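# Descriptive structure summary
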Amino acid sequence: MVVETRGGLRYAYDAEAPTRKDRASLDRRPLRVELGAVAGSAGSCRLTLGGTEVVAAARLGAAARGEVLRCDVEVGPGAGGSSDAAAAGDAVARAVSPFLLTEALPKFAVDVRCAVARDDGGALVALVAAAGAALADAGVPLRDVPGAAAVAADAAGALLVDPTAAESAAAASELRVAAAPEAVAACAQSGAADAAAAAAALAAALAAAADVRDAVRAALAAAAAGDGRAKRGRAD
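Reference entry: report on the structure contained in this document. Sequence order as written defines residue numbering, which begins from 1 separately in each chain. It should be noted that, the model being predicted, local features are given only for residues of pLDDT at least 70 and side-chain atom pairs only at 80 or more, the latter also being counted only at that level, while totals for whole chains, interfaces and linings use all residues. Each side-chain value is worked out from all heavy atoms of the structure, with water and hydrogens disregarded.

### Description of the overall build of the protein
- Within the protein, the regular secondary structure consists of 4 helices and 12 strands.
- Buried, partly exposed and exposed residues are distinguished by accessible area as a fraction of the type maximum, computed with a 1.4 Å probe on protein chains only: under 20%, between the cut-offs, and over 50%, respectively. For the protein, the residues scored as buried account for 43% of the 236 residues in total.
- A separation of at least 24 residues holds for 65% of the contacts in the protein among residues at least 6 apart in sequence. Put simply, DSSP marks the helices as runs of H or I at least four residues long and the strands as runs of E at least two long, and each gets a number from the N terminus on. The contact rule is simple, with two residues in contact once any of their heavy atoms fall within 4.5 Å.

### Some details on the pattern of salt bridges
- Take a side-chain nitrogen of Lys or Arg and a carboxyl oxygen of Asp or Glu: if they are within 4 Å of each other, that pair is a salt bridge. Considering all chains together, one arrives at 12 salt bridges under this definition.
- A salt bridge links Asp162 to Arg29, with the nearest nitrogen and oxygen atoms 2.8 Å apart. Here the residue Asp162 occupies a position in the loop between β9 (159-161) and α3 (165-170), and Arg29 occupies one in the loop between β2 (9-13) and β3 (31-35), the gap between them amounting to 133 residues.
- Note on Asp162: relative accessible area 5%, which makes it buried.
- A residue is classified by how much of its surface remains accessible, and Arg29, at 1% relative accessible area, is buried.
- Between Asp111 and Arg70 there is a salt bridge, and its shortest N-O distance comes to 2.6 Å.

### A look at the state of the cysteines
- We call a pair of cysteine sulfur atoms a disulfide when they lie within 2.5 Å. All told, the structure shown has 0 disulfides when counted by the stated rule.
- Note on Cys71: no disulfide assigned, nearest cysteine sulfur contributed by Cys114 at a separation of 3.9 Å.
- Here Cys71 falls in the buried class, since its relative accessible area comes to 11%.
- For Cys114, a relative accessible area of 4% gives the class buried.

### Describing the pairing of strand β10 (residues 173-180)
- Burial within β10 is extensive, with 6 of its 8 residues counted as buried.
- In short, DSSP must find at least two bridges between two strands for them to pair. Relative to β10, strand β8 (residues 147-153) runs antiparallel, the two being bridged by 7 bridges. Across the sheet, the residue bridging to Val151 is Leu175, located in β10.
- As consecutive antiparallel partners, β10 and strand β11 (residues 183-191) are separated by 2 residues.

### Description of the packing of helix α1 (residues 85-96) against helix α2 (residues 123-137)
- Here α1 crosses α2 at 55 degrees, and the two axes come no closer than 9 Å. Looking at the two axes, α1 sits oblique to α2. The interaxial crossing formed by α1 with α2 has right-handed handedness. For the pair formed by α1 and α2, the contact residues are Ala88, Ala91, Val92, Ala95 and Val96 on the first element and Leu124, Leu127, Val128, Ala131 and Leu135 on the second.
- Three classes are used, and their members are as follows: Ala, Val, Leu, Ile, Met, Phe, Trp, Tyr, Cys and Pro are nonpolar, Asp, Glu, Lys and Arg are charged, and the others, Gly among them, are polar. For the contact of α1 with α2, the residue count by class is 10 nonpolar, no polar and no charged. Axis lines are fitted to C-alpha atoms, over the contacting stretch for helices. Their N-to-C directions set the angle, which ranges from 0 to 180 degrees. Orientation is classified from the angle alone, with under 35 degrees giving roughly parallel, over 145 giving roughly antiparallel, 65 to 115 giving roughly perpendicular, and any other angle giving oblique. Left-handed describes a crossing whose near helix is turned anticlockwise from the far helix through less than a right angle; right-handed describes the clockwise counterpart.

### Observations concerning the pairing of strand β4 (residues 43-49)
- The buried fraction of β4 amounts to 6 of the 7 residues, a majority that puts the element mostly inside the structure.
- Relative to β4, β3 is paired through 5 bridges, and the arrangement is antiparallel. Pairing of Arg32 across the sheet is with Thr48, part of β4.

### What about the environment of Val145?
- Looking at where Val145 falls in the secondary structure, it is placed in the loop between α2 and β8.
- Taking the C-alpha atoms as reference, Val145 lies 9.8 Å from Pro181; in sequence the two are 36 residues apart.
- Ignoring sequence-local partners within four residues, the contact set of Val145 consists of Phe99, Gly132, Ala136, Arg213, Val216, Arg217 and Leu220.

### Concerning the side chain of Asp137
- Within the secondary structure layout, Asp137 lies in helix α2.
- In protein, a polar contact requires one atom able to donate a hydrogen and another able to accept it; more generally it is a pair of N or O atoms within 3.5 Å, and residues adjacent in sequence count only if both atoms are side-chain atoms. Engagement of the side chain of Asp137 in a polar contact is seen with the backbone nitrogen of Ser44, the distance being 3.0 Å.

### Overview of the side chain of Asp144
- With respect to the helices and strands, the residue Asp144 is situated in the loop between α2 and β8.
- Excluding its chain neighbours within four sequence positions, the residues that come into contact with Asp144 are Phe99, Pro181, Arg213 and Arg217.

### Structural notes on the nonpolar core
- In this text, buried Ala, Val, Leu, Ile, Met, Phe, Trp, Tyr and Cys residues form a nonpolar core when linked through side-chain atoms within 4.5 Å. If you look at the biggest cluster of nonpolar residues, it comprises 44 residues, and the most contacted ones within it are Val33, Cys45, Leu47, Val112, Leu127 and Leu135.
- Leaving out residues up to four positions away in the same chain, Leu47 has contacts with Leu31, Arg32, Val33, Thr52, Glu53, Val54, Ala126, Ala129 and Ala130.
- Ala153, Leu175, Ala201 and Ala204 belong to the second largest nonpolar core, which has 12 residues in total.

Interpretation in functional terms is not warranted from these geometric data alone.
As structure tokens, this is what we get:
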């Protein structure tokens, strides 16, 4: 990771993230994580993953009916892809909830509002990572920040980490995970895969999720190492 200051803000980025043109099957697309992207929020994150861009903003509210985390997703009119806003909000909440230290939030609930600006595949995993980053940026107590990734497989079982929308549409199966270093918080698969292929996809997805989590951590570390301005950090 490279850490530097630009315009008074601290950034961290992967200087050697592979481009979409030359990436290998197990390489993710270029990733950028920018904290403090939404003015007026307690914490926020803009995350781009190749041609996919999402934004998440977090705030604390009063607890209601036992809810701890509420997540709403809006899909922009020009987003493309096939994101289902209601289903995506539920999926993000299920994936991120295990990371919350709920015992530290006895009278509060956390609202995360997300938007999909562009969807060229991987919008759901980008939303999970952005929501976790926004919560951390807001100072919400977390066990860890979530990493998330998708892995597609063709009919022959060949894997492709972080597929584009076209690659997902052509895949025989796709696995999506949200994970911490020692546990899988959420896992969903579309399409059929035998046990060996599913195990290989899970191993690749966990490695890719760890890579995303490290990028979010780098952005948070860059913000923490800043000069006392409003919290900002970025990882590419």
